[in-house]
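# Structural characterization, general
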Amino acid sequence: MKMNKLGRTDVLVSEICLGTMTWGKQNTEAEGHEQMDYAITQGINFFDTAEMYAVPPDASTYGKTEEIIGSWFARTGRRDQIVLASKVAGGGRPWVRGGRGIDGPSVREAVEGSLRRLRTDWIDLYQIHWPRRGHYHWEGSWDYDPYKQDRDAALPNLLEVLQVMGELVKEGKIRYFGLSNETAWGTMQYLKLSMELGLPRVQTIQNEYNFLRRYYDLDLAELAYHEDVGLLAYSPLAAGAISGKYLDGAIPPGSRGDVSKPRGNYRSNPYTEPAIRAYIELARKHGLDVNQMAIAFCLTKPFMTSVIIGATTMEQLKADIGAADVTLSPEVLEGIQQIFMRYARTL
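A brief look at the structure comes next.

Rules behind the numbers
Residues numbered from 1 in each chain as written. Predicted model: local features only at pLDDT ≥ 70, side-chain atom pairs only at ≥ 80, totals over all residues. Heavy atoms only, no water. Helix = DSSP H or I, 4+ residues; strand = E, 2+ residues; numbered from the N terminus. Rg over C-alpha atoms; globule rule 2.2 N^0.38 Å. Buried < 20%, exposed > 50% of the residue type's maximum accessible area, 1.4 Å probe, protein only. Contact = heavy atoms within 4.5 Å. Lys, Arg positive; Asp, Glu negative; His and termini not counted. Charge placed at Lys NZ, Arg CZ, Asp CG, Glu CD. Polar contact = N/O pair within 3.5 Å; in protein donor to acceptor, adjacent residues only side chain to side chain. Pairing = 2+ DSSP bridges. Axes fitted to C-alpha atoms, helices over the stretch in contact; angles between N-to-C directions. Phe/Tyr/Trp six-rings, centres within 6.5 Å; stacked < 30°, edge-to-face > 60°. Parallel < 35°, antiparallel > 145°, perpendicular 65-115°, else oblique. Left-handed = near helix turned anticlockwise from the far one by under 90°. Nonpolar A, V, L, I, M, F, W, Y, C, P; charged D, E, K, R; others polar. Patch = residues over 30% accessible without salt bridge, like charges linked within 9 Å, V, L, I, M, F, W, Y side chains within 5 Å. Areas by Shrake-Rupley, 256 points an atom, 1.4 Å probe, with all protein chains shown as cover. Salt bridge = Lys/Arg side-chain N within 4 Å of Asp/Glu carboxyl O.

On to the overall build of the chain, then. Counting its secondary structure elements, the chain contains eleven helices and ten strands. Against the 2.2 N^0.38 benchmark of 20 Å for 347 residues, the chain shows a C-alpha radius of gyration of 19 Å, consistent with a compact globule. Oriented by its inertia axes, the alpha-carbon framework of the chain measures out at about 55 × 50 × 40 Å. Counting every position in the chain, which comprises 347 residues, the buried fraction comes to 58%. Considering only contacts in the chain between residues 6 or more positions apart, those separated by 24 or more positions represent 78%. Once the 39 positive and 43 negative side-chain charges of the chain are each reduced to a mean point, those two points are 1 Å apart.

Given below as structure tokens:
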């Protein structure tokens, strides 16, 4: 398993990160433990979670995933072997701090709660799950409107949050600071504040990246190159859509599209289906598993720190981790680019 630096730190993380958001909803505690047991035998040392998990989020499963990780730490005593990432939820969920938007006090309250559930004294990478001012992820790119943002409110909020992150670093409760579902502007504001005021530096951004969503290839890739803010790619399989299991409106029982009703899997729609079919055909032509091809493609990107995988079965988990051993030929990479160029304007 290849290891990469976490931003400008000396911490090395596996290029495959174990995602955990189904534990406590689609997966039991025992299944979560089995996944962690297997992952470390394959060289994975990086786990990602969030206070909001399990997903789909609701009050009954809030914090359940962190509790499962915490019970695994207690059982195995392997906390020191894992680089652990978690996230503070933004606003809008009434069962999370009354739906209050992210601010300094909410960050501190969230960290304290996560530490209790995780049964640990520190979190290695603590991330803002989504910005208070809004973002273009989760299909938000279709109606994203930054002109509704209030700059005079946004900038003081960023400073307040970063100052509390700095306090938590000094207290040893978190080690490093990261973002999620962020933009180039938001990231640069945090970087500016950290440089001017000696506050924690952004080390990573956790954004969606896959065959259907390649926004990071643009301004954020340039930022990653110049500022060493690498990508933690979530949904490398577009929440399973890349597999083709949702084509023609199919919703397999027990799948994420099934448990996420009525929203379903928004990444599978009439606009994305032609591209998904083309990627499946390309994989078939070259004797590849399309899911492994998708993850292996993510791993070729120079800005990639780690690809976050998530699985509900051990068979899926083993296949996803196995993608780290897949080398894509120049012909396959060119085929992927041609498909992207053909369909990018419709995705």
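So, on to helix α9 (residues 290-299). Summarising burial for α9: ten of the ten residues are buried, a large majority. By the burial criterion, the buried members of α9 are Val290, Asn291, Gln292, Met293, Ala294, Ile295, Ala296, Phe297, Cys298 and Leu299. Buried residues along α9 sit in contact with β3 (16-19), α8 (273-285), β10 (304-309), α10 (314-322) and α11 (330-343). With a side-chain oxygen positioned 2.9 Å from the backbone nitrogen of Asn291, the residue opening α9 is Asp289.

On to the sheet that holds strand β5 (residues 83-88). What the eight strands build is a closed barrel, ordered β3-β4-β5-β6-β7-β8-β9-β10; its pairing is parallel. For this sheet, the mean inter-axis angle between neighbouring strands, taken without regard to orientation, is 30°. Across five bridges, strand β8 (residues 202-208) lies against strand β9 (residues 230-234) in parallel orientation. Within β9, the residue paired with Asn207 across the bridge is Ala233. Where helix α3 (residues 104-118) meets the sheet, its contacts fall on β5, β6 (123-128) and β7 (174-180), and the angle it forms with β6 comes to roughly 140°. Lying on the sheet, helix α4 (residues 151-170) is in contact with β6 and β7; it crosses β7 at an angle near 150°.

Right, let's get into the packing of aromatic side chains. Tallied over the entire structure, the rule returns eight aromatic pairs. Here Phe177 and Tyr190 contribute two aromatic rings whose centre-to-centre distance is 5.4 Å and whose plane-to-plane angle is 65°, an arrangement assigned as edge-to-face. In this pair, Phe177 sits in strand β7 while Tyr190 sits in helix α5 (residues 184-197), placing the two residues 13 residues apart along the sequence. Each member of the pair, Phe177 as well as Tyr190, carries the same accessibility label: buried. Taken together, a centroid distance of 4.1 Å and an interplanar angle of 15° make the contact between Phe211 and Tyr279 stacked. Taken as a pair, Phe211 in the loop between β8 and α6 (219-227) and Tyr279 in helix α8 lie far apart in primary sequence, 68 residues in all.

Further remarks concern the pairing of β9. Put simply, side chains in a regular strand alternate between the two faces of the sheet. Of all five residues in β9, five are buried, a share of seventy percent or more. By the alternation rule, side chains of β9 split into Gly230, Leu232 and Tyr234 and Leu231 and Ala233, which are all buried. Examined bridge by bridge, β9 and β10 share three bridges and lie parallel to one another. Within the sheet, the bridge partner assigned to Leu232 lies in β10 and is Ser306.

This part covers the environment of Lys25. Mapped onto the elements, Lys25 comes out in the loop between β3 and α1 (29-41). We classify Lys25 as partly exposed; its relative accessible area is 35%. Excluding residues within four positions of it along the chain, Lys25 makes contact with Ala54, Val55, Pro56, Asp58 and Thr61.

Our focus in this paragraph is the packing of α4 against α5. It is at 10 Å that the axes of α4 and α5 come closest, and there the two elements cross at 55°. Relative to α5, the element α4 lies oblique. Pair α4 / α5 crosses with right-handed handedness. Packed against α4, whose contacting residues are Arg151, Leu155, Leu158, Leu159, Val161 and Leu162, the element α5 presents Trp185, Gln189, Tyr190, Leu193, Ser194 and Leu197 at the interface. Across the contact of α4 with α5, the residue classes break down as nine nonpolar, two polar and one charged.

On to the packing of α5 against α6, then. Relative to each other, α5 and α6 sit at 25°, their axes nearing to 10 Å. Accordingly, the angle class assigned to the pair α5 and α6 is roughly parallel. Packed against α5, whose contacting residues are Ala184, Thr187, Met188 and Leu191, the element α6 presents Asp219, Leu220, Leu223 and Glu227 at the interface. Partitioning the contact of α5 with α6 into residue classes produces five nonpolar, one polar and two charged.

Side chains of Met1, Met3 and Leu12 sit close together on the surface and give an oily, nonpolar patch of about 250 Å² of accessible area. Within the element layout of this structure, Met3 appears in strand β1 (residues 3-5). Note on Met3: relative accessible area 33%, which makes it partly exposed.

What is shown is where atoms sit, not what they do.
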